[in-house]
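Each chain, letter by letter, is given below.
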Amino acid sequence: MPNFVFIGASIDGYIADRNNKLDFLECIPNPENVDFGFQDFMQSVDCVIMGRNTFETILGVGGEWHYSKPVFVLSSSLTSVPDKLKDNVEIMQGEINDIITALNKRGFSRLYIDGANVIQSFLKKDIIDEVIISTVPMLLGGGTKLFGMLPAHLSFEHMETQVLLNALVQTRYKRKKE
């Protein structure tokens, strides 16, 4: 049951700026609206798991909802989602392993993990199998860090790197288990 991360980050490892904004992700001109492999990636997963902060940040961006797959928001404080998303978004609470088990029983086995806190929680339990990071050539100097403290080292194997729009560097790593 693989768990995947697909995320954009600054050179200094932030996924949102000090104001919890994602504008820096669009600093590279993209006149042809290249999606950096996101749609193909979304076709390969069954659902998205994110935390409340990420959910609220994405809602704050406005526009169309970005996810075609079911989204599960992990939150102990959120009690509802906007009416327009009730068919696509569900709030879940509990231990991560219990949530994964419940989702697997519902037929969701390839999980897209999104948001710093949720990604860090999954990494602490060593249940991230693949990480795809698109590095934006910008230093933010603060904001929401992608990675945090871990109880032990986690080794990953480099799978692929590509340069997109002659500026972004997208690298794919697979968890290397000993």
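In the block above lies the structure referred to throughout.
The secondary structure content of the protein amounts to 4 helices and 10 strands. When the helices and strands of the protein are read in sequence order from the N terminus, they spell out β-β-α-β-α-β-β-α-β-α-β-β-β-β. Its C-alpha radius of gyration of 16 Å places the protein within 12% of the 16 Å reference for a compact globule of 178 residues. The principal-axis extent of the C-alpha atoms belonging to the protein is close to 45 × 40 × 30 Å. The contacts of the protein with a sequence gap of at least 6 include a subset with a gap of at least 24, amounting to 67%. When the accessible surface of the protein is split by element, carbon and sulfur atoms take 48% of a total near 10100 Å². Computing the positive centroid from 17 side-chain charges and the negative centroid from 22, the protein places the two 6 Å apart.

Note on placement: S121 falls in helix α4 (residues 116-124). Residue S121 is classed as partly exposed on the basis of its relative accessible area of 29%.

With that settled, consider the sheet that holds strand β1 (residues 3-10). Spatial strand order, β5-β4-β3-β6-β1-β7-β10-β9: 8 strands in an open sheet with mixed pairing. Among the strands making up the open sheet, the edge pair consists of β5 (89-92) and β9 (156-164). With strand direction ignored, the average angle separating the axes of adjacent strands in the sheet is 20°. Relative to strand β10 (residues 168-175), strand β7 (residues 130-136) runs antiparallel, the two being bridged by 6 bridges. Bridge pairing links E130 to K174 in β10. Along the sheet, helix α3 (residues 96-105) makes contact with β1, β3 (47-51), β4 (71-74), β5 and β6 (111-114), crossing β5 at roughly 140°. Helix-sheet contacts for α4 involve β1, β3, β4, β6 and β9, and the interaxial angle to β6 is about 120°.

Located in the positive-phi region is N20, a residue other than glycine, with phi close to 65°. Although it is not a glycine, F36 sits at a positive phi angle of roughly 60°. For F36, the location among the structural elements is in the loop between β2 (14-16) and α1 (38-44). On the basis of relative accessible area, F36 is assigned to the buried category, the value being 19%.

With that out of the way, let us pick up the environment of S10. Tracing the backbone through its elements, the reader meets S10 in strand β1. Spatially, the C-alpha atoms of S10 and I133 are 9.8 Å apart, while their sequence positions differ by 123 residues. Each residue touching S10, except ones within four places of it in the same chain, is listed here: F24, T135, V136, M138 and L140. Reaching out from S10, the side chain makes a polar contact with the side chain of D12 at a distance of 2.5 Å.

Definitions and cut-offs
- Chains are numbered independently. Their residues run from 1 in the order of the written sequence.
- Where totals are concerned, whole chains, interfaces and linings use all residues; where local detail is concerned, this predicted model gives features only for residues with pLDDT of at least 70, and gives and counts side-chain atom pairs only at 80 or more.
- The side-chain values count all of the structure's non-hydrogen atoms but skip hydrogen atoms and water molecules.
- Only DSSP runs of H or I with at least four residues qualify as helices, and only runs of E with at least two residues qualify as strands; both kinds are numbered from the N terminus onward.
- Throughout, the radius of gyration refers to the C-alpha atoms, and the reference size of a globule is 2.2 Å times the residue count to the power 0.38.
- Residues are treated as being in contact if the distance between any of their heavy atoms lies within 4.5 Å.
- Here the Shrake-Rupley method, with its probe set to 1.4 Å, supplies the accessible areas, and only the displayed protein chains count as covering residues.
- By the counting scheme adopted, Arg and Lys are positive, Glu and Asp are negative, and His together with the chain ends is not counted.
- Charged groups are reduced to one reference atom each: NZ for lysine, CZ for arginine, CG for aspartic acid, CD for glutamic acid.
- Only protein chains enter the calculation, and the probe is 1.4 Å; a residue is then buried if its accessible area is under 20% of its type maximum, exposed if over 50%, and partly exposed in between.
- Two strands are said to pair when DSSP picks up at least two bridges between them.
- In this description, a line fitted to the C-alpha atoms serves as the axis of each element, helices being fitted only across the stretch in contact, and the angle between N-to-C directions of two axes falls anywhere from 0 to 180 degrees.
- Polar contact criterion, stated in full: a pair of N or O atoms within 3.5 Å, where within protein one must be able to donate a hydrogen and the other to accept it, and residues adjacent in sequence count only if both atoms are side-chain atoms.

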